[in-house]
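So you can see what is in the structure, the chains are spelled out below.
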Amino acid sequence: FISFISNNFIEKIDNKKNISKKTGSIIESENLTIYSHSNRAFLSKIFIYPIKSCAGFEIINFWYLTNQGLQFDREWTLIDENNQAITQKKNSKLTSIKPEINLKEQKMIISAPNMADIEINLIQNLNENNLLSITVCSVSASGITYNDKINDWFSQVIGQKCKLIRKSLNNSRICLRKQFDNSNHERQSNITFSNESQYLLVTNASLNDLSQRIGKEINVKRFRPNFVIDSLTNLNNQNQNHNQNQVYQHYQHHSHP
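Residues numbered from 1 in each chain as written. Predicted model: local features only at pLDDT ≥ 70, side-chain atom pairs only at ≥ 80, totals over all residues. Heavy atoms only, no water.

Describe the overall build of the chain, naming the residues involved and giving the relevant values.
Secondary structure summary: the chain contains 4 helices and 17 strands in total. Put simply, the chain has 257 residues, and 44% of those count as buried. Carbon and sulfur atoms form 43% of the exposed surface of the chain, whose accessible area is close to 14700 Å². (Helix = DSSP H or I, 4+ residues; strand = E, 2+ residues; numbered from the N terminus. Buried < 20%, exposed > 50% of the residue type's maximum accessible area, 1.4 Å probe, protein only. Areas by Shrake-Rupley, 256 points an atom, 1.4 Å probe, with all protein chains shown as cover.)

Encoded structure:
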């Protein structure tokens, strides 16, 4: 993804002009500039969702990329007693669970209303013998379970018995959506517990168009994007209109919280 963006959309500008260069496997939300036709667009926000279907965590400065996408994005999920991943469609209380990543201390702090915070070590030292076969979006996957204390905390928050699962580093999960490289060769991408692909991108222009159509302002977080692109309001070409219609149709189909 970064290679594609860098090769096709990034103009490297000297730091003296207040736009830094992208380096290595780090992406900075305020430094990535994308050019489309004669209009300039900016990567204005980056979000990750450490626990699938729970609240997002906004990246303020920079974040790391892995071969599965943004580091720690949807690396955890909650499963029910049938080992099925629990989503907001099944339990809306997931939205009250708020994970925050502390890279310096290598821990995830998780909060919920009327509950004491819990902490989880980011260094994956869980017992691989606890590997469990689960189902995520009707596709088989596997992950490592946590202890009863952690699982009971989540069960109390969402009001149903559940377990917290972390994706095993030794288990590959392949993106089902066909993807192609710059030479138009089909390739496969590894993903975590996300639905179909490593990233989801939304433009503020599409959100503004949607808000006008339905007569009320829509928060970008409703679409759970990883990347939010700004300053595309002048793009009135056919592709932009097509993208705006896709957002509108998606909203109509998923109009519940």
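That covers the picture; the talk isn't over yet.
Can you explain the nonpolar core? Please cite residues and give values.
Of all hydrophobic cores here, the largest spans 36 residues; its most connected members are I51, L78, I97, I110, F154 and L164. Going through the elements one at a time, strand 3 (39-48), strand 4 (57-59), strand 5 (62-66), strand 7 (76-79), strand 9 (107-111), strand 10 (118-121), helix 2 (148-158) and strand 17 (227-230) are the ones with two or more residues in this core. Counting residues per element, this core draws most heavily on helix 2, which supplies 5 residues. Not counting residues up to four positions away in its chain, the partners in contact with I51 are W76, T77, L78, I97, P99, M108, I110, F154, L164 and R224. Formed by 9 residues, the second largest nonpolar core is a distinct cluster that contains F47, I218, V220 and F223. (Core = buried A, V, L, I, M, F, W, Y, C linked by side-chain atoms within 4.5 Å. Contact = heavy atoms within 4.5 Å.)

So what's going on with the sheet that holds strand 13 (residues 163-167)? Residues and values would help.
One open sheet accounts for 4 strands, arranged 7-13-12-11; its pairing is antiparallel. Sheet topology places strand 7 and strand 11 (131-136) at the edges, where each strand pairs with a single neighbour. Strand-to-strand twist of the sheet, defined as the mean angle between neighbouring strand axes without regard to direction, takes the value 50 degrees. Alignment of strand 12 (residues 139-145) against strand 13, held across 3 bridges, turns out to be antiparallel. For I144, the partnering residue across the bridge sits in strand 13 and is R166. (Pairing = 2+ DSSP bridges. Axes fitted to C-alpha atoms, helices over the stretch in contact; angles between N-to-C directions.)

Which residues make up the environment of V136, and what values do they have?
The residue V136 is located in strand 11 in this model. The exposure class assigned to V136 is buried, which follows from its relative accessible area of 0%. Separated by 51 residues in sequence, V136 and A85 have C-alpha atoms that sit 5.2 Å apart.

Describe the packing of aromatic side chains, naming the residues involved and giving the relevant values.
Inspection of the entire model under this criterion finds 5 aromatic pairs. On the basis of an interplanar angle of 70 degrees and a centroid distance of 6.1 Å, the ring pair of F57 and W63 is categorised as edge-to-face. The two residues F57 and W63 agree in class, both being buried. Between the aromatic rings of W153 and F154, the centroid separation amounts to 5.0 Å while the plane-to-plane angle is 80 degrees, which identifies the pairing as edge-to-face. An identical accessibility class is assigned to W153 and F154; each is buried. (Phe/Tyr/Trp six-rings, centres within 6.5 Å; stacked < 30°, edge-to-face > 60°.)

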